[in-house]
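Chain residues, written in single-letter form:
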Amino acid sequence: MPANRRTWLKQIGWGMAGLGIAPLQSFAVTESGPHEALFPQDDSIRLSSNENPYGPSPAVIAAMTAALSLSNRYNWQYSSDLMATIAKKHQLDPGNIMISAGSTEILDLQARYFGEAKGSFVISETTYSNWSSIAENAGYKKITVPLNAEKKQDLASMLSAIRTDTNMLYLCNPNNPTGTLIPDRELVSFITEATKKVTVVIDEAYLDYTEQSSAARLVPNNKNLIIVKTFSKIYGLAGARIGYALMHEELTEKISSTKTWANGDISVASRAAAMAALQDTAFTKKCRELNEQVRTDTMRQLQQLNFACIPSFSNFIYFSTEKHKTYFEQLKRSRIQGTYVYEKAGEWTRITVGTAAEMKQFIAAVSS
Ligand SMILES: Cc1ncc(COP(=O)(O)O)c(C=O)c1O
């Protein structure tokens, strides 16, 4: 085992112990670990992409490994069991489900579908938006709405921004990169209003880090609602590329018809991973708890260092680097991958909540 991998494994143990958390053998931390296992030339700490540092779970790895020998078979006719399992989880029908190679694929497909009319869509200025560029290049107009003073998506202004040619509105809940959450009641009343005019897309990539229920329960009675989910975050499967959407059957048919082999583009191993991940609720529960502990601890330390932070409901923290002009240089020096400035005013940036050991290194880097 390379020396720095050994060191990392030790640090994981120390970091957890520091938080009063026993290192968990049931976690795959000793297996998945730093990405140097796959990329030996890169031993930097990745706090850039909101990945789950503890996953995938051992049960998921076992399921994927067992499925590898079936890789000679096309997957398209076998994804129905996954669709049925997802449907059951959300108390919906398989006809409400569309599976994709990561949720980015669904976001891209729906944008191209609604963008066909060359009208417009409404989105917050600071949110997850890289999926819209292809539709925009083809003539779909993006109407952006600034965040409010609390760095929340401004629902009233988003509603007012809808024009006669607007056919879609995107909300990310919790929002990436700010980590803010639209409470359920407020969201439901917004969906009721907005879907009278447009299709509302709710991206719930990080909702599993909260206690809030999915808005998916509204799908059977709302033809203008799409809920987008992913296995990339709390399930620890970003590299397996698997996500899904929940929507009314009529909309599922329309969007599925825009691609070849709808539901069939995920690998046999990814399908097995998703099935096992949905079963392993002990793993996701533990990841949620660990994330909350490490996030709280990191935020407290950032605040002590005089970084203004936005309360987070996710596995990342949004904070201002305005008073810390050397922040990005400090990260670079410590070989930590962060992100960039999302909002120039206040110089707001985001950091993913890694393991306790990783965040200890992060805090040490920005304190120096
Ligand atoms: C809000 C949000 N939605 C979707 C995605 C895409 O995830 P994936 O394509 O891995 O499912 C991300 C990735 O970071 C995200 O932050």
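Reading guide: rules and limits
- Residues numbered from 1 in each chain as written.
- Predicted model: local features only at pLDDT ≥ 70, side-chain atom pairs only at ≥ 80, totals over all residues.
- Heavy atoms only, no water.
- UniProt positions renumbered as here; feature names shortened; annotations may be inferred.
- Near = heavy atom within 4 Å.
- Polar contact = N/O pair within 3.5 Å; in protein donor to acceptor, adjacent residues only side chain to side chain.
- Areas by Shrake-Rupley, 256 points an atom, 1.4 Å probe, with all protein chains shown as cover.
- Nonpolar A, V, L, I, M, F, W, Y, C, P; charged D, E, K, R; others polar.
- Buried < 20%, exposed > 50% of the residue type's maximum accessible area, 1.4 Å probe, protein only.
- Helix = DSSP H or I, 4+ residues; strand = E, 2+ residues; numbered from the N terminus.
- Pairing = 2+ DSSP bridges.
- Axes fitted to C-alpha atoms, helices over the stretch in contact; angles between N-to-C directions.
- Contact = heavy atoms within 4.5 Å.
- Salt bridge = Lys/Arg side-chain N within 4 Å of Asp/Glu carboxyl O.

- The protein is annotated in an unreviewed UniProt entry as Histidinol-phosphate aminotransferase from Pseudobacter ginsenosidimutans.
- The UniProt entry for the protein carries the following text under Sequence similarities (unreviewed entry): "Belongs to the class-II pyridoxal-phosphate-dependent aminotransferase family. Histidinol-phosphate aminotransferase subfamily."

## Things to note about the site of the ligand
- Near the ligand there are 13 residues, and of these Thr104, Asp203, Tyr206, Thr230 and Ser232 occur at the shortest range.
- Between Ser103 and the ligand, the recorded distance is 2.7 Å, taken from a backbone N or O atom to an oxygen atom.
- In the environment of the ligand, an oxygen atom lies 2.6 Å from a nitrogen or oxygen atom belonging to the side chain of Tyr206.
- Here the ligand has 390 Å² of accessible area as a free molecule, and 92% of this is covered by the chains.
- Along the lines of polarity and charge, the residues of the shell around the ligand split into four nonpolar, six polar and three charged.

## Side note on the pairing of strand β8 (residues 243-247)
- By the criterion of burial, β8 is predominantly enclosed, with five of the five residues buried.
- Because side chains alternate across β8, one face comprises the buried residues Gly243, Ala245 and Met247, and the other comprises Tyr244 and Leu246, equally buried.
- Two elements, strand β2 (residues 97-100) and β8, share four bridges in a ladder whose sense is antiparallel. Directly across from Ser100, in β8, lies its bridge partner Gly243.
- Relative to β8, strand β7 (residues 225-230) is paired through five bridges, and the arrangement is antiparallel. Pairing of Ile227 across the sheet is with Leu246, part of β8.

## Examining the sheet that holds strand β3 (residues 120-124)
- Spatial strand order, β2-β8-β7-β6-β5-β3-β4: seven strands in an open sheet with mixed pairing. Each edge of the sheet is formed by a strand with only one pairing partner; in this case those strands are β2 and β4 (141-145). The average undirected angle you get between the axes of adjacent strands in this sheet is 20°.

## Quick notes on the side chain of Thr166
- Here Thr166 lies in strand β5 (residues 166-172).
- Here the side chain of Thr166 touches Arg163 through a polar contact of 2.8 Å, landing on its backbone nitrogen.
- Leave out the neighbours within four places in its chain, and Thr166 touches Ser120, Phe121, Val122, Ile143, Ala161, Lys197 and Val198.

## Remarks on the pattern of salt bridges
- Counted according to the given criterion, the structure contains 17 salt bridges.
- Lys151 is the salt-bridge partner of Glu343, the closest N and O atoms lying 3.2 Å from each other. With a gap of 192 residues between them, Glu343 in the loop between β11 (336-337) and β12 (348-352) and Lys151 in the loop between β4 and α7 (155-160) connect regions that are remote in the sequence.
- Residue classification places Glu343 among the buried residues on the basis of a relative accessible area of 17%.
- Of the charged contacts in the structure, one is a salt bridge between Asp165 and Arg163, with a shortest N-O distance of 3.2 Å.
- A residue is classified by how much of its surface remains accessible, and Arg163, at 38% relative accessible area, is partly exposed.

## Observations concerning the sheet that holds β12
- Pairing in this open sheet of three strands is antiparallel, and the strands run β9-β10-β12 from one edge to the other. Pairing within the sheet leaves two strands with one partner each, and these edge strands are β9 (309-310) and β12.
- Summarising the sheet, β9 and strand β10 (residues 316-320) pair through two bridges and their orientation is antiparallel. When the sheet's bridge partners are listed, Ile310 is paired in β10 with Tyr318.
- Lying over the sheet, helix α11 (residues 281-304) contacts β9 and β10, oriented at roughly 10° with respect to β10.

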